[in-house]
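Each chain is listed here by its residues.
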Amino acid sequence: DPAHLEKYEDKMDMTTSTAKYDGSSVYLHITQKGTTAWSPRMSKKTGQRIEYTPKINGLAAVGTNGTLDTSVVAMGELMFYREGPNGEKIWVDHATSGGILNSHDLLPEDVKPVVVIYRVDRVGRTKTIDLPFWEQREIAAQLVEKNPEHLMLPELMSPEEAKEAGYEGVVICKPSESVVTGYKTKWWTDADDWRIDSVDFTYSEKGNVSGVVWFTSLESGKQFKLGPGGVGDRALCEHMMANPDDYVGTVCKVRSRHGHEGRAAKVEEWHPDKGFAPPDFT
């Protein structure tokens, strides 16, 4: 909840609060010859960074229009949107965006890509990543102004406004510091009831609990899986592994991050009135 941010007031300034967009992290290398976009992740197949450029129609031409006199390295969130009846951006949800990026199909005609620029790491040979918040934002604003069709700034708004507008959180820092030192928070949703369908835990070669527990959401009917970290501590996971039949069919409350059900989900508590309650391991 935005209210919990009050305890961090000495570490941040709410004037720097910007919406946290639920996109895919991307690095941009913009030159006078064009722009390439790369994921921070490495491909398991090639061992190289995953390139997003072919999925961002028109982005490759950014920088070739004569507006840049030097190269720029920037980082942001790759988002997809559809235009609403009044020209407003209707954001495509993260799961659908991931499907677009991982698909071999062309980008749907009604879907448009944009990169929300969170920071500019380098301009020419000058390192800019450590500049104070407002200096950084001004450099990013100049970049966006030259390429408004494909680039945008994260919107300044309070945590309360961001939550009401449906954003997944906010990023806040001190004006005298770089945004990379900032505090990033995401909202939790209300807990949903999930039923356990199976317990597939086992010990790894190092003796740790591994595997997953399969659930069905009684809210949406969708199936989800959680690893040990999302289910509970080691004692609980070992008890579940040794007594799976005691847990199958029971119901627990699961809380997810704002955005969609199952996002960074964690078991919050068991429903003793809806099945077996695990022993107290404290």
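Please refer to the structure higher up on the page.
Residues numbered from 1 in each chain as written. Predicted model: local features only at pLDDT ≥ 70, side-chain atom pairs only at ≥ 80, totals over all residues. Heavy atoms only, no water.

Q: Could you give an account of the sheet that holds strand β15 (residues 251-255), naming the residues involved and the relevant values?
A: Ordered by their spatial adjacency, five strands build an open sheet running β14-β13-β12-β15-β16, and the pairing between neighbours is antiparallel. Only two strands of the sheet have a single neighbouring strand rather than two, namely β14 (223-226) and β16 (266-270). Averaged over all adjacent pairs, the angle separating strand axes in this sheet is 45 degrees, with direction ignored. In the sheet, strand β12 (residues 192-203) pairs with β15 via four bridges, with the strands oriented antiparallel. Directly across from Asp193, in β15, lies its bridge partner Lys253. Each of β12, β13 (209-217) and β16 is contacted by helix α5 (residues 234-242), which is oriented at about 80 degrees to β12, the strand it contacts most. (Pairing = 2+ DSSP bridges. Helix = DSSP H or I, 4+ residues; strand = E, 2+ residues; numbered from the N terminus. Axes fitted to C-alpha atoms, helices over the stretch in contact; angles between N-to-C directions. Contact = heavy atoms within 4.5 Å.)

Q: Which residues make up the side chain of Ser217, and what values go with them?
A: With respect to the helices and strands, the residue Ser217 is situated in strand β13. Only 3.1 Å separates the side chain of Ser217 from the backbone nitrogen of Ser220, close enough to count as a polar contact. (Polar contact = N/O pair within 3.5 Å; in protein donor to acceptor, adjacent residues only side chain to side chain.)

Q: Describe a negative patch on the surface, and please don't skip the residues or the numbers.
A: On the surface, a cluster of negative charge is contributed by Glu155, Glu160, Glu161 and Glu164. Topologically, Glu164 is positioned in helix α3 (residues 159-164). Look at Glu164 and you get exposed, because its relative accessible area is 74%. (Patch = residues over 30% accessible without salt bridge, like charges linked within 9 Å, V, L, I, M, F, W, Y side chains within 5 Å. Areas by Shrake-Rupley, 256 points an atom, 1.4 Å probe, with all protein chains shown as cover. Salt bridge = Lys/Arg side-chain N within 4 Å of Asp/Glu carboxyl O. Lys, Arg positive; Asp, Glu negative; His and termini not counted. Charge placed at Lys NZ, Arg CZ, Asp CG, Glu CD. Buried < 20%, exposed > 50% of the residue type's maximum accessible area, 1.4 Å probe, protein only.)

Q: Hey, could you go over the nonpolar core for me, with residue numbers and the actual values?
A: Formed by 22 residues in total, the largest nonpolar core has its most connected members in Leu28, Leu78, Phe80, Ile117 and Leu151. Of all elements in the fold, only β2 (24-31), β5 (72-83), α1 (94-102), β7 (112-123) and α2 (133-146) reach the threshold of two or more residues within this core. At four residues, the largest contribution of residues to this core is made by β5. Ranked by size, the runner-up nonpolar core spans 20 residues in total, among them Trp194, Phe224, Cys237 and Val254. (Core = buried A, V, L, I, M, F, W, Y, C linked by side-chain atoms within 4.5 Å.)

Scope: geometric values only; no functional claims are made or implied.
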